[in-house]
Structure formats: structure tokens, C-alpha cells
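Geometric and topological summary
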Amino acid sequence: MCYGPEFVAAPFQDWLAPVGIQRFRLYPGSPQENGHNEHFTGTLRREVLNIECFATTRQAQVVINQ
């Protein structure tokens, strides 16, 4: 499971809930349990989060949704 502040912050959780995305816990140190999510998270980080600098959660939402 991702423990970075961008994934556990209340605004991010509030953004996920309306579209039906729920968090679930995996055993620490076992990314192989959720390969699709690990791939998606890595791609999102490489292509968006590491490149852009967001002042607000709303700015991040707009860019990610594009």
C-alpha cells in the first residue's frame, strides 16, 4: 500500500470516494500482490507527479483527469 502523504491525505480520499474507489491494505513489502496498481502508481508518478508542481489539490485533479 502506498503510504506517501499524497495517497493518505483526506482531500485525496474524498476525491476517490465519489467515483467508487476504495483503499485496501496489502502486506508491507509485497507489491507483487497488486501489480496493476503498482504499475499505475509508478506511471502516474513518472508522467505527472514528478514533472508538475501543484499549488492545490484541484490543480492536480485537473491535470490527472486530462
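Residues numbered from 1 in each chain as written. Predicted model: local features only at pLDDT ≥ 70, side-chain atom pairs only at ≥ 80, totals over all residues. Heavy atoms only, no water.

1. Considering the overall build of the protein
In plain terms, the rule: Where helices and strands are cited, they refer to DSSP runs of H or I of at least four residues and of E of at least two residues respectively, numbered from the N terminus. For every residue, the accessible area obtained with a 1.4 Å probe (protein chains only) is divided by the maximum for its type, and the residue is called buried under 20%, exposed over 50%, and partly exposed between those limits. Whether two residues touch is decided by their heavy atoms; if any such pair falls within 4.5 Å, the residues are in contact.
Looking only at helices and strands, one finds four helices and zero strands in the protein. Residue burial in the protein is summarised as follows: out of 66 residues, 17% are buried. Within the protein, counting contacts between residues at least 6 apart in sequence, those at least 24 apart form 32% of the total.

2. Here we look at the confidence of the model for the protein
To be explicit about the condition: Every residue carries a pLDDT, the predictor's confidence in it, which falls somewhere between 0 and 100.
In the predicted model, the protein carries a mean pLDDT of 79, and the fraction of residues at 70 or more is 86%. Per-element averaging of pLDDT across the protein places helix α1 (residues 5-8) at the bottom with 62 and helix α4 (residues 57-65) at the top with 87.

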